[in-house]
Amino acid sequence: MISIQNIVKQYAGHRALSDVSMDIKKGQVFGLLGPNGAGKTSLIRILNLITAPDGGSITFDGEPLTRKHIERIGYMPEERGLYKKMEIGEQVLYLAQLKGIERREALRRAKMWFEKLEIQAWWHKKIEDLSKGMQQKAQFVATVLHEPELLILDEPFSGFDPVNADIIKNEILELNRKGTTIIFSTHRMESVEELCDSIALLNLSKKILDGGVKQIKNSYRNGTYMLEYEGNANWDLSGAPFEVLSTETLEETNRIKLKMKPGQPQNEALHYVLPKVSVRHFEEVVPTMNEIFISTVNKQVVS
Amino acid sequence: MNKILLIIQREYLSRVKKKSFIVLTFLVPFLFIGMIALVGFIALKSKDLEDEKKVQVIDESGLYKNQLRDTKVITFVYTDANYEQAKTTFIKEGYNSLLHIPAGEGAIELLSEKKPSASTIETVESSLSHAAEARRLAAAGIDTGVLAAAQKRIEIKAKQIKDGEEQDAQTYTAYAIGLLSGLLIYMCLLIYGTQVMRGVIEEKVSRIIEVVISSVKPMQLMLGKIIGVGLVGLTQFILWIVMSVVLSGGAAMIMEKRAMDATPQIQQVQHMAGNKEELKQLNKLQQPDGAAAEIMKSIENIPVTYTICCFLFYFLFGYFIYSALFAAVGSAVDNETETQQFILPITLPIIFTFMLSQSFIINNPDSSLSVWLSMIPLTSPIAMMMRIPFGVPWWQLAASMILLVLGFIFTAWAAARIYRVGILMYGKKASYKELIKWFMYKD
């Protein structure tokens, strides 16, 4: 749906994006990750035609991205903002009309959304009289009211309490199920694993990693397992097909982290330990996105 | 285009619906009238409002004895006391000042407890001068009555030739219209320009700007805001004009009614009035061709539609040009306190023209400086409105209007280049160097 080719953005004094390319396919939930200052917001602003890149090109459904596509995109910036003195209902309608939706149609959809998010009673309230969570919900409605094909969300969960974050998350996933492509940026990795199909990792203005979440995690597998057992902590490990990386004593059980020796399948580890201790739990340790993120970022800093 | 209309609509309605707008629109005419009435009242009664002063006079020369005439506020009381002694006692005796006229060449001195006001000094001086003048004239054998007759004030009737016909020149009416429209434009440029700037800052601070410009171009948003606020200003003006017409119409009706009610009384008084002068004055009151009627007549003589059209044109385009600049300033800062350094250079041409217009342009409407000022886009809205009541050649008016429109297009373009970058910049202290850099960024 969106193809980003060799984007460069130069600000006075620093480079925000250097030669960044990525593809976002239709129907994906695409996570744009990176520490603060990596260039995520710059890229998102370019995607929304708020600023222009100094180099590179973007296509939308195969055509070069221009203003005529803007009505098919919904954007929620990181710094949320609505007119303080305007009633939220009116405000949502105004923003939808700016996206080219007729007022009557906008009203119908807004009523539906307000009911769904249980804020219909606040239709005539001004933003400054609302709680933060309520403002965020109104902002979300304003973002999706024109039923965009592409939804771009900059740090969508920041500022939400856990309950509201969950509501918004489910709404996003439902929109995705109905076919909306979603790009969201975040520096909170835990939300990535449950939401995203694909990610791109930006750091210091460069893309340092991208691909499907599963593939990336698989490529970071290194034969590490966790074994939890009952019984003696001090047992003879001579001839084991693995190395012990760390041990830990819990209330009733012990836990070790082990790494298979080269060429050894994991079942060999079970064969080896079963006669000796009573196994409670055995699982592969796959690095979390957070660990991948940190190690990749650190690698880049070192290199 | 449709989107600009939406923006204009929002900017307009959100302001017009505000309580402060309604209150201001309906109160200002009353405040204005009240202010004029108060100033007039004070000017009329200023003599009554001043404290009465008593001045003790020691006349050692003997030339001014009983010659100083008391005025409304100053009473002169003569004494033969010794000056050195009186110096210490005049305050205790209840006098405000002590006037010492020495014999011979010495300077006349006014001794006071507090610093005497300028008007007190002036009054004493003029009393002394009058006394001296009268004494010298008498000494030269000139009759003061003859002199007074010879000094009769002469009034001229100014006329101008227009289209080959003589017309009353209405210089004073032209004066008043020039000053009033200049003042109104000056106030409006500042008031509505600042409103545009506040609007831009509000959008920036509340961060809605990013949402809006993901739907419309920054230029559209800026123009929509400027036009929307301009329409608010226009609405306010039209309401003010309508209200002042209604108010003055009402006032005229009340006055007419009172005059009619008063007629029998006046006739009664006429019977009783023995004095001819009094009678004349009464007649003046009764007849419609008094001073008020003359003003009405002179207003009828000015081309009202032409003046109002010119006023609206210069008001609108003057406002457009300045509000574009104000919008650029608003985009460059994070809050209103930071605007000072940029506002001054913008408002300087307005203030400069306004000050100059009161003293110079209005008195020399056709001097080359006035003509130039009425051509330059940043100064022409005020300068031209000062000149229009005195008559401006059509080609000058056309040139000035075209230049103003061109000036607006250029200013809006330049301001938009700064605006589009500024609205997305946070926490960066903008300097002039920075603004130039923003201006240079390519799209």
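Remember, it's a predicted structure, so these values are computed and weren't measured experimentally.

Conventions and cut-offs
- Residues numbered from 1 in each chain as written.
- Chains lettered and ligands numbered in written order.
- Predicted model: local features only at pLDDT ≥ 70, side-chain atom pairs only at ≥ 80, totals over all residues.
- Helix = DSSP H or I, 4+ residues; strand = E, 2+ residues; numbered from the N terminus.
- Rg over C-alpha atoms; globule rule 2.2 N^0.38 Å.
- Contact = placed C-beta atoms within 7 Å.
- Buried ≥ 20, exposed ≤ 12 C-beta atoms within 10 Å, placed from the backbone.
- Pairing = 2+ DSSP bridges.
- Expected span 1.5 Å × (residues − 1).
- Nonpolar A, V, L, I, M, F, W, Y, C, P; charged D, E, K, R; others polar.
- Axes fitted to C-alpha atoms, helices over the stretch in contact; angles between N-to-C directions.
- Parallel < 35°, antiparallel > 145°, perpendicular 65-115°, else oblique.
- Left-handed = near helix turned anticlockwise from the far one by under 90°.
- Domains from an automatic or database assignment.
- Right-handed = clockwise from strand over helix to strand, strands pointing away.
- Core = buried A, V, L, I, M, F, W, Y, C linked by C-beta atoms within 7 Å.

J.: Teacher, can you tell me more about the overall build of chain A here?
T.: In terms of helices and strands, chain A carries nine helices and 14 strands. Its C-alpha atoms give chain A a radius of gyration of 24 Å, clearly above 19 Å, the size a compact globule of 303 residues would have. For chain A, the spread of C-alpha atoms along the three principal axes comes to 75 × 45 × 35 Å. Taking the contacts inside chain A whose residues are at least 6 apart along the sequence as the reference set, 70% of them involve residues at least 24 apart.

J.: Could you clarify how one ought to interpret the overall build of chain B in this entry?
T.: From N to C terminus, chain B includes 16 helices and six strands. Expressed as a percentage of the 443 residues in chain B, the buried residues total 27%. Restricting to contacts in chain B with at least 6 residues of sequence separation, those with at least 24 account for 71%.

J.: Explanation requested: the sheet that holds strand β2 (residues 14-24) of chain A in the structure shown.
T.: Hydrogen bonding along the main chain pairs the strands of a sheet, whether they run parallel or antiparallel. All names here are of chain A. Spatial strand order, β2-β1-β4-β5: four strands in an open sheet with antiparallel pairing. Whereas interior strands pair on both sides, the edge strands pair on one side only; in this sheet they are β2 and β5 (63-64). Summarising the sheet, strand β1 (residues 2-11) and β2 pair through seven bridges and their orientation is antiparallel. Looking at the pairing, tyrosine 11 lines up with histidine 14 of β2.

J.: What's the story with helix α15 (residues 394-422) of chain B in this structure? I'm lost.
T.: Owing to its 3.6 residues per turn, the α-helix aligns residues three or four sequence positions apart on the same side. Its 29 residues place the ends of α15(B) 41 Å apart at the C-alpha level, agreeing with the 42 Å of an ideal helix rising 1.5 Å per residue. Regarding α15(B), the residues found buried are B:Ser400, B:Leu404, B:Phe408, B:Ala412, B:Ala415, B:Ala416, B:Arg417, B:Ile418, B:Tyr419, B:Arg420, B:Val421 and B:Gly422.

J.: For this particular structure, what's the right way to read the interface of chain B and chain A?
T.: Interface size, as often reported, equals the accessible area lost upon joining of the parts. Taken together, the 17 residues of chain B in the interface contact 21 residues of chain A. Breaking the side of chain B that touches chain A down by element, the ones donating at least two residues are α1 (2-16) and α7 (208-212) of chain B. Of the residues that constitute the side of chain B that touches chain A, the class distribution is seven nonpolar, four polar and six charged.

J.: So what exactly am I meant to see when it comes to the packing of helix α6 (residues 171-205) of chain B against helix α14 (residues 380-387) of chain B here?
T.: Between two packed helices, both the angle of their axes relative to each other and the distance between the axes serve to describe the pair. Residues and elements named next belong to chain B. Between α6 and α14, the shortest axis-to-axis distance is 8 Å and the interhelical angle comes to 165°. Judged on the interaxial angle alone, α14 and α6 are roughly antiparallel. Of the two possible hands of crossing, α6 and α14 adopt the one that is right-handed. Facing α6, whose interface residues are Gly178, Ser181, Gly182, Ile185 and Tyr186, α14 presents Pro381, Ile382, Met385 and Met386. Broken down by class, the residue content of the contact of α6 with α14 amounts to six nonpolar, three polar and no charged.

J.: Help me out: how do you make sense of the domain arrangement of chain A in this one?
T.: Each assigned domain of chain A is listed here: domain 1 (2-218) and domain 2 (222-285). Each of domain 1 of chain A and domain 2 of chain A was reduced to a C-alpha centroid, and the two centroids are 45 Å apart.

J.: I tried to follow the environment of B:Ser214 on my own but got confused; where do I start?
T.: Residue and element names in this part refer to chain B. Note that serine 214 resides in the loop between α7 and α8 (218-272). Taking the C-beta count within 10 Å as the criterion, serine 214 has 24 such neighbours and is therefore assigned buried. On a C-alpha basis, the gap between serine 214 and aspartate 80 in space is 92 Å, while along the polypeptide they are 134 residues apart.

J.: Mind showing me how you'd approach the sheet that holds strand β3 (residues 29-33) of chain A here?
T.: All names here are of chain A. Taken in spatial order, the six strands of this open sheet run β6-β7-β8-β3-β9-β10, and their pairing is mixed. Both outer strands of the open sheet, β6 (73-76) and β10 (206-212), are each paired with one neighbouring strand and no more. Between one strand axis and the next, the sheet turns through 15° on average, direction left out of account. Here strand β7 (residues 150-154) pairs with strand β8 (residues 181-186) via five bridges, running parallel. Bridge pairing in β8 places leucine 150 opposite threonine 181. Its contacts with the sheet place helix α4 (residues 132-144) against β6 and β7, and it is angled at close to 160° to β6.

J.: I keep staring at the pairing of β7(A) and nothing clicks. Help me out?
T.: The two faces of a sheet get side chains in turn, since along a regular strand they alternate between them. Residue and element names in this part refer to chain A. Taken across its five residues, β7 has five buried, putting it largely inside the fold. What you see with β7 is no split at all: Leu150, Ile152 and Asp154 on one side and Leu151 and Leu153 on the other are buried throughout. Considered for its hand, the β-α-β crossover made up of β7, helix α5 (residues 162-177) and β8 is right-handed.

J.: Would you mind going over the nonpolar core with me for this structure?
T.: If you look at soluble globular proteins, the nonpolar side chains tend to sit buried side by side. Judged by nonpolar contacts, the single largest core of 123 residues is most densely connected at A:Val92 and B:Ala327. In this structure B:Ala327 touches B:Val196, B:Met197, B:Val200, B:Met222, B:Lys225, B:Ile226, B:Ala415 and B:Tyr419, once residues within four positions along its chain are discounted. Core analysis: the next-biggest nonpolar cluster, separate from the first, contains twelve residues, B:Val55, B:Phe90, B:Leu98 and B:Leu99 among them.

J.: Got a minute to help me understand the packing of α6(B) against helix α12 (residues 340-361) of chain B in this structure?
T.: Residues and elements named next belong to chain B. Across the interface, α6 lies against α12 with an axial gap of 11 Å and an inter-helix angle of 165°. The angle between the axes of α6 and α12 places the two elements in the roughly antiparallel class. Pair α6 / α12 crosses with left-handed handedness. Residues Leu179, Gly182, Tyr186, Leu189 and Leu190 of α6 lie in contact with α12, whose contacting residues are Thr347, Ile350, Phe354, Ser357 and Gln358.

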